[in-house]
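What the coordinates show
Spelled out from the first residue to the last, the chains are:
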Amino acid sequence: MRIKICGITRLDQGQAIASLGATALGFICVPASPRYISPDQIRAITSHLPDRVDRIGVFANATFEQIWETFHQAKLTGVQLHGDESPLFCDRLRQELPHGELIKAIRVKNPQSLSLADSFIPHVDALLLDAYHGQQLGGTGLTIDWQSLGEFRPAIPWFLAGGLNPDNIINALSCLHPDGIDLSSGVERSPGDKDMAKVAQLFENTRFAITPD
Ligand SMILES: O=C(O)c1ccccc1N[C@@H]1O[C@H](COP(=O)(O)O)[C@@H](O)[C@H]1O
């Protein structure tokens, strides 16, 4: 199972989280977010990470040019689209960033949200399900009703996100079997500042779900 820790803003924390076993780190490229980090600041972190760790930029309704430039400038390996991007937009990104992993986030509001997720399957590499919030796009700490995802088995890998933390992760993974999990606010002291004790606890509590290389 992949473990992505999102909202990284500090090199020391990024490196420590990679050492604990994160398979991916996420960087928030959404200017309105309190976890925003500039492309140059991301690069200062990504340049000092082990190659095995994926570096994912999180965007929401950004232009193609903004994503393309940030991807290269920040030395990212993937892009997470967390806004209202269309399948057509995903196709274009995939064409122009052929080596980048493309993850489409869907904010789950109702059963139709899962049909929307399915409609992206031919256009992206992975899906990510996050909780819906009326005003905020992500990093809300809200959880999805996991029971409502019982039938969700897309034909491509998917991440479970939304309000996950060291305390609820065992319960979440007893209900669902995602290919990956993604956490942000559940393992931080304040936006962008990770709580390393909580991150360590998370890895301890998910050890049962991690298959050795
Ligand atoms: O974290 C943010 O500030 C953010 C802003 C805009 C879009 C996405 C954002 N974060 C993503 O939200 C989910 C869930 O976060 P949480 O665990 O509930 O705090 C995660 O995928 C982040 O990448």
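Quick look at the structure, then. As the structure is a computational prediction, the values presented were derived from the model and not from experiment.

Time to look at the packing of helix α3 (residues 64-73) against helix α4 (residues 87-96). Taken N-terminus to C-terminus, the directions of α3 and α4 make an angle of 35 degrees; their axes are 11 Å apart at the nearest point. Along this stretch, α3 crosses α4, giving a crossing that reads as right-handed. Facing F64, E65, I67 and W68 of α3, the residues of α4 in contact are F89, R92, L93 and E96. Of the residues in the contact of α3 with α4, the class split is five nonpolar, no polar and three charged.

What follows is about unusual backbone geometry. A positive phi angle, near 55 degrees, is found at N61, a position not held by glycine. When its relative accessible area of 45% is taken as the criterion, N61 is described as partly exposed.

Our focus in this paragraph is empty space enclosed by the protein. Considering all chains together, one arrives at one cavity of 30 Å³ or more under this definition. One number sums up the size of the largest cavity: a volume of about 40 Å³. Forming the boundary of the largest cavity are V79, L93, R94, L97, G100, E101 and L102. Taken together, the elements giving at least two residues each to the lining of the largest cavity come down to α4 and β5 (101-108). Classifying every residue of the lining of the largest cavity gives four nonpolar, one polar and two charged.

Pairing is parallel around the closed barrel formed by eight strands, whose spatial order is β1-β2-β3-β4-β5-β6-β7-β8. Across this sheet, the average inter-strand angle for adjacent strands is 25 degrees, counted without regard to direction. Direction of pairing for strand β6 (residues 126-131) relative to strand β7 (residues 158-160): parallel, over a ladder of three bridges. Pairing of L127 across the sheet is with W158, part of β7. In this fold α3 packs onto β3 (54-59) and β4 (78-81), with an angle of close to 145 degrees to the strand it touches most, β4.

Cut-off values and rules
- Residues numbered from 1 in each chain as written.
- Predicted model: local features only at pLDDT ≥ 70, side-chain atom pairs only at ≥ 80, totals over all residues.
- Heavy atoms only, no water.
- Axes fitted to C-alpha atoms, helices over the stretch in contact; angles between N-to-C directions.
- Helix = DSSP H or I, 4+ residues; strand = E, 2+ residues; numbered from the N terminus.
- Left-handed = near helix turned anticlockwise from the far one by under 90°.
- Contact = heavy atoms within 4.5 Å.
- Nonpolar A, V, L, I, M, F, W, Y, C, P; charged D, E, K, R; others polar.
- Buried < 20%, exposed > 50% of the residue type's maximum accessible area, 1.4 Å probe, protein only.
- 1 Å grid on protein atoms, 1.4 Å probe; cavity = no way out; pocket = protein on both sides within 12 Å on 5 of 7 lines; lining within 4 Å.
- Points joined across faces, edges and corners; volume = space filled by probe spheres on them.
- Pairing = 2+ DSSP bridges.

The quantities given are spatial measurements derived from coordinates; they are silent on function.
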